[in-house]
Amino acid sequence: MSVRVTTLKNGLRVATDHIGTVESATVGVWCDVGTRDEPAPVNGVAHLLEHMVFKGTRRRSASAIAEEIENVGGHMNAYTAREQTAYYARVLKGDLALAVDLIADILQHSLFDPQELRRERAVVLQEIGQANDTPDDIIFDHFQAAAFPRQGVGRPVLGRASVVKRMKRDTVREFLAGHYAPGNLVLAAAGNVQHDRLVRLAEEKFDRLPKAAKQPRDTAQYRGGEHREHRALDQIHLVLGFEGLGHHDKDFYPLQVMSTVLGGGMSSRLFQEVREKRGLVYSIYSFASSMRDGGVFGIYAGTGEKEVRELLPVVAEEVVKVADKVTEEEVARARAQLKAGTLMALESTSSRCEQLAQQLIVFGRPIPTSEIVARIEAVDAGAVTRVMRRMLATPLTMAALGPIKRVDDYAAVAARLN
């Protein structure tokens, strides 16, 4: 196995996945903190912090940060999610030290200049506005909020505009100081990188991290419910779903296979029945989103105002059918799709780096690809029907956006799924 992990004296974990056949490396810091760790009055602070660290440090201006990475042909980016935040760069193997220095600099020495904060708040507000104007994007925020009402896991990652526009400099700095301690971070790299060298760079560069204790998280409490919003759109955007499963659940892989059978590709039941046979949608798919302590399973569809009356009963029927019976042929095809996706991801340094970091954060250890493949291959038809019955035993969550006059009410849709 090409993976090595070292924990530094300060608690920072350093992990590498060596790929000697490539000329590049992806390196980044993954933080065990995200939207669910925000108190409600500062929803959006994790995402705003992710933006602000690129706006200048004691050594570098915002433009210098961008120029230094692009001077060597590299790429640097970041993202915020509900449970994690990541800062990463992809560079040629000879520029690894520069990438590590840049990431260490922005995470430890950012200035949070008040003028930059004002500008970046405006940028984030534009981002929120863009998401609100993208119905097949914002519908998932509505679905999440209905599934986990009044909880961190149910609040939008981008934050609420009314909160972001009032966000103070001290709020952003305090969030970093309270959550970005070494024990919450993983420095990971994949590609043509030497583990011992990355450890030495980490010891040298990451010497000013805050010493905050790990903050406890509230347990996610799935509730279910609905969000309905009328908008003058050409399509109705729908998400129907149920309580999902956490990463550690014994049915995690059966859930992935079940989701693939139901709506994971062009051969899936939903795609064939709803789009190919009936022409009711352009886009329809299922998804399973997991956290440490829970998750959601859902189905997205975009349809016309006239078609929605036929769509909902058909989708409900297909869901119930999966709980009753699936064929071994369908399950084998779904297993093959998941296995292929897992193995193809090994060809990307970025995918391998992210996967390694996330495994350490979630499971506390790297998980060999052979173990993942074995768990996928162990899923049979009985496991698929069992996990769908688990989903149907939980309350329905339903989100609808668009010209929703003809969308059946929540009780009617839930009754079809019993």
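Our structure's up above, just so we're on the same page.
Being a predicted model, the structure only gives us computed values, none of them experimental. (Residues numbered from 1 in each chain as written. Predicted model: local features only at pLDDT ≥ 70, side-chain atom pairs only at ≥ 80, totals over all residues. Heavy atoms only, no water.)

K.L.:
Residues and numbers for the packing of helix H9 (residues 252–263) against helix H15 (residues 381–392), please.
P.N.:
Axis separation between H9 and H15 bottoms out at 9 Å; the angle between their running directions is 90°. Relative to H15, the element H9 lies roughly perpendicular. Taking contact as the criterion, the partners of Pro254, Leu255, Val257, Met258 and Leu262 in H9 are, on H15, Ala383, Val384, Arg386, Val387, Met388 and Met391. Within the contact of H9 with H15, the residues separate by chemical class into 10 nonpolar, no polar and 1 charged. (Axes fitted to C-alpha atoms, helices over the stretch in contact; angles between N-to-C directions. Helix = DSSP H or I, 4+ residues; strand = E, 2+ residues; numbered from the N terminus. Parallel < 35°, antiparallel > 145°, perpendicular 65-115°, else oblique. Contact = heavy atoms within 4.5 Å. Nonpolar A, V, L, I, M, F, W, Y, C, P; charged D, E, K, R; others polar.)

K.L.:
Any chance you could break down the pairing of strand E5 (residues 85–92) for me, citing the residues and the numbers?
P.N.:
Across 8 bridges, strand E3 (residues 24–31) lies against E5 in antiparallel orientation. Directly across from tryptophan 30, in E5, lies its bridge partner alanine 86. As judged from the 6 bridges shared by strand E4 (residues 75–80) and E5, these two strands associate in the antiparallel manner. When the sheet's bridge partners are listed, methionine 76 is paired in E5 with alanine 89. In textbook terms, the turn of a hairpin is the stretch between consecutive antiparallel strands, and for E4 and E5 this stretch comprises 4 residues. (Pairing = 2+ DSSP bridges.)

K.L.:
Describe the state of the cysteines, naming the residues involved and giving the relevant values.
P.N.:
Applying the stated rule across the entire model yields 0 disulfides. As a non-bridged cysteine, cysteine 353 has cysteine 31 as the owner of its nearest cysteine sulfur, 12 Å distant. (Disulfide = S-S within 2.5 Å.)

K.L.:
I'd like to hear about the sheet that holds strand E10 (residues 294–303), residue by residue, with values.
P.N.:
The 5 strands lie next to each other as E7-E11-E8-E10-E9, forming an open sheet whose pairing is mixed. The strands lining the two open edges of the sheet, one partner per strand, are strand E7 (225–230) and strand E9 (281–291). Within the sheet, the average angular offset between the axes of one strand and its neighbour, ignoring direction, is 10°. For E7 and strand E11 (residues 397–402), the ladder comprises 6 bridges, and the chain directions are parallel. Bridge pairing in E11 links histidine 230 to glycine 402. In this fold helix H10 (residues 269–277) packs onto E9 and E10, with an angle of close to 155° to the strand it touches most, E9. Across the sheet, helix H11 (residues 308–324) lies against strand E8 (236–243), E9 and E10, angled at about 25° from E8, the strand it touches most.

K.L.:
Mind laying out the environment of proline 403, listing which residues take part and the relevant values?
P.N.:
Among the secondary structure elements, proline 403 is positioned in the loop between E11 and helix H16 (410–416). Residues proline 403 and phenylalanine 287, 116 residues apart in the sequence, show an inter-C-alpha distance of 24 Å.

K.L.:
Report on the pattern of salt bridges, specifying residues and quantitative values.
P.N.:
Counted under the stated rule, the structure contains 38 salt bridges. In this structure, the salt-bridge partner of lysine 250 is aspartate 251, at a minimum N-O distance of 3.4 Å. When its relative accessible area of 67% is taken as the criterion, lysine 250 is described as exposed. Through salt bridges with shared partners, a single ionic network connects Asp32, Arg36, Asp37, Glu83, Arg217, Arg292 and Asp293. (Salt bridge = Lys/Arg side-chain N within 4 Å of Asp/Glu carboxyl O. Buried < 20%, exposed > 50% of the residue type's maximum accessible area, 1.4 Å probe, protein only.)

K.L.:
Mind laying out the side chain of arginine 82, listing which residues take part and the relevant values?
P.N.:
Mapping arginine 82 onto the fold places it in the loop between E4 and E5. Polar contacts involving the side chain of arginine 82 include one to the main-chain carbonyl oxygen of valine 153, which spans 3.0 Å. When residues no more than four places from it in sequence are discounted, the contact partners of arginine 82 are Gly34, Thr35, Arg36, Asp141, Gln144, Val153, Arg155, Pro156 and Val157. (Polar contact = N/O pair within 3.5 Å; in protein donor to acceptor, adjacent residues only side chain to side chain.)

K.L.:
Which residues make up the packing of H9 against helix H12 (residues 328–344), and what values do they have?
P.N.:
Contact geometry for H9 and H12: axes closest at 9 Å, N-to-C directions at 110°. It follows that H9 is roughly perpendicular to H12 by the angle criterion. Contact residues: H9 offers Gln256, Val257, Thr260 and Val261, while H12 offers Glu330, Val331, Ala334, Arg335, Gln337 and Leu338. Residues of the contact of H9 with H12, tallied by class, amount to 5 nonpolar, 3 polar and 2 charged.

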